Amino acid sequence: MFDVLIKNANLPDGREGIDIGINGDKIVAVDQRIEAEAGETIEASGRLVTPPFVDPHFHMDATLSLGLPRMNISGTLLEGIALWGELRPTLTREALVERALRYCDLAVAQGLLAIRSHVDTSDPALVTAEALIEVREKVAPYIDLQLVAFPQDGYYRAPGGVDSLNRALDMGLDIVGGIPHFERTMADGAASVAALCKIAADRGLPVDMHCDETDDPMSRHIETLAAETVRYGLQGRVAGSHLVSMHSMDNYYVSKLIPLMLEAEIDVIPNPLINIMLQGRHDTYPKRRGMTRVRELMEAGLNVSLGQDCVMDPWYSMGSGDMLEVGHMAIHVAQMAGIEDKKKIFAALTVNSAKTMGLEGYGLEKGCNADLVILQARDPLEALRLKANRLVVMRRGKVIARSAPRFSELKLEGRPTAVNAADYAPLRPDEI
Ligand SMILES: [Zn+2]
């Protein structure tokens, strides 16, 4: 007897026809054709059941602020930075909380149940940190929210940046952030990396820095970050977000850098939507893609997760809380078109990101939390291609979001009366 029994699921690892038994908030059985009573039976009908999507890089203090106080007319990073500078002094705790909660509603509908958000600590009033701490508590029943103390205007560059970041950590932010490429000099950037890693070591916290988000091939703060990680014994607790300059670096230098990153067990977090939008802006043609070396970093054995970064904020007017959109873009920008490539990209949206965030009980094995999503697609490749509809989103054994299957009625003489895009999957040998 189970509280919930999910029937006939396809799993991301390729297992098919799997039933999942749930009691309370845990998965207690995963097997073919489980014959048992259940309080509620949910038919997956050969569709993909996945652990929830995880976004390891986001800015929840800025999300959904598009249009406040005005639109980014040029669509450039510089106007976005100027806009955030105009908006920040007007932010109130109530407005920040309301926007963040509204975003989290969307995230749940998209099966996105764990988010790591950077929180701008540049304004000494720290209204952003206060608000996001409140949000972290409010959404805890349905979203695991981690907060990074992010000195967005520079740890050394902004007046009071050092003090504000430390006070934000005292208030209870979870992770030490940084932005070394935005400090005034390369030397200041390297010094900020060393100082921030020391803070993390002293406080026993993880590190997640915006690192080398620039097309400058000489921006090598990831090297310092890896070296300081090893120096302070922080292996496995440090993430490098963006690492965009690696795209433009000399190949010999990268051949030396990647082994150092491996030694430091750096988690790598590219943000393909934002990278393809914002990088290469100083190029004429050919224009660089400006995303880090995803394939090579994965092949080297580094844990690569993919982040969304922005949704409808001063820097990026698009986005929809859909991690499959992030994966879809990653496949294109990294040219990871092979079958195994796409499976790796799907993992980067789920298990790899969960590892980066250190989530416990994540997965679809016996004993894991009963957190899962049923998609209107039958495998990860189709889910990525279709940015598939989320039919059921479950958290700790309870359905917290549900969508009707998506299809269109057709009115064409002599043709079918309905079209379901998810039926257009490639045929398998046994179906031909
Ligand atoms: Zn970011």
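Residues numbered from 1 in each chain as written. Predicted model: local features only at pLDDT ≥ 70, side-chain atom pairs only at ≥ 80, totals over all residues.

A. Focus on the overall build of the chain. For the chain, the helix and strand inventory stands at 13 helices and 16 strands. Taken over C-alpha atoms, the radius of gyration comes to 22 Å for the chain, in line with the 22 Å a tight globule of 432 residues would show. In terms of its C-alpha atoms, the chain occupies a principal-axis envelope of roughly 65 × 45 × 45 Å. Here the contacts in the chain between residues at least 6 apart in sequence split such that 74% fall between residues at least 24 apart. (Helix = DSSP H or I, 4+ residues; strand = E, 2+ residues; numbered from the N terminus. Rg over C-alpha atoms; globule rule 2.2 N^0.38 Å. Contact = placed C-beta atoms within 7 Å.)

B. Representation of the UniProt feature "domain: Amidohydrolase" (unreviewed entry) in the chain. The UniProt record marks residues 40–389 with the feature "domain: Amidohydrolase" (unreviewed entry), using the residue numbering of this structure. Across residues 40–389, helical content stands at 41% and strand content at 15%; the span's end C-alpha atoms are separated by 22 Å. (UniProt positions renumbered as here; feature names shortened; annotations may be inferred.)

C. Spatial organisation of the packing of helix H6 (residues 221–231) against helix H7 (residues 251–264). Interaxial distance between H6 and H7 falls to 8 Å at its minimum, and their mutual angle equals 35°. Note on packing geometry: the crossing formed by H6 with H7 is left-handed. For the pair H6 and H7, the contacting residues are Ile222, Glu223, Ala226, Ala227, Thr229 and Val230 in the first and Leu257, Leu260, Met261, Glu263 and Ala264 in the second. In the contact of H6 with H7, the residues fall into 8 nonpolar, 1 polar and 2 charged. (Axes fitted to C-alpha atoms, helices over the stretch in contact; angles between N-to-C directions. Left-handed = near helix turned anticlockwise from the far one by under 90°. Nonpolar A, V, L, I, M, F, W, Y, C, P; charged D, E, K, R; others polar.)

D. Looking closely at the sheet that holds strand S13 (residues 390–395). Pairing is mixed in the open sheet, where 7 strands are placed in the order S3-S2-S1-S4-S12-S13-S14. Among the strands making up the open sheet, the edge pair consists of strand S3 (26–32) and strand S14 (398–402). Neighbour-to-neighbour, the strand axes of this sheet turn through a mean angle of 30°, independent of strand direction. As defined by bridge partners, strand S12 (residues 372–375) adjoins S13 across 4 bridges and the pair is classed as antiparallel. The partner of Ile374 across the bridge, within S13, is Val392. (Pairing = 2+ DSSP bridges.)

E. Broad picture of the nonpolar core. Counting 122 residues, the largest nonpolar core has Val49, Ala149 and Val207 as the members making the most contacts within it. Ranked by the residues each element gives to this core, the list is headed by helix H10 (residues 323–333), at 7 residues. Not counting residues within four places of it along the chain, the set of residues in contact with Val207 comprises Ile175, Val176, Leu196, Cys197, Ala200, Leu234, Arg237, Val238 and Ala239. (Core = buried A, V, L, I, M, F, W, Y, C linked by C-beta atoms within 7 Å. Buried ≥ 20, exposed ≤ 12 C-beta atoms within 10 Å, placed from the backbone.)

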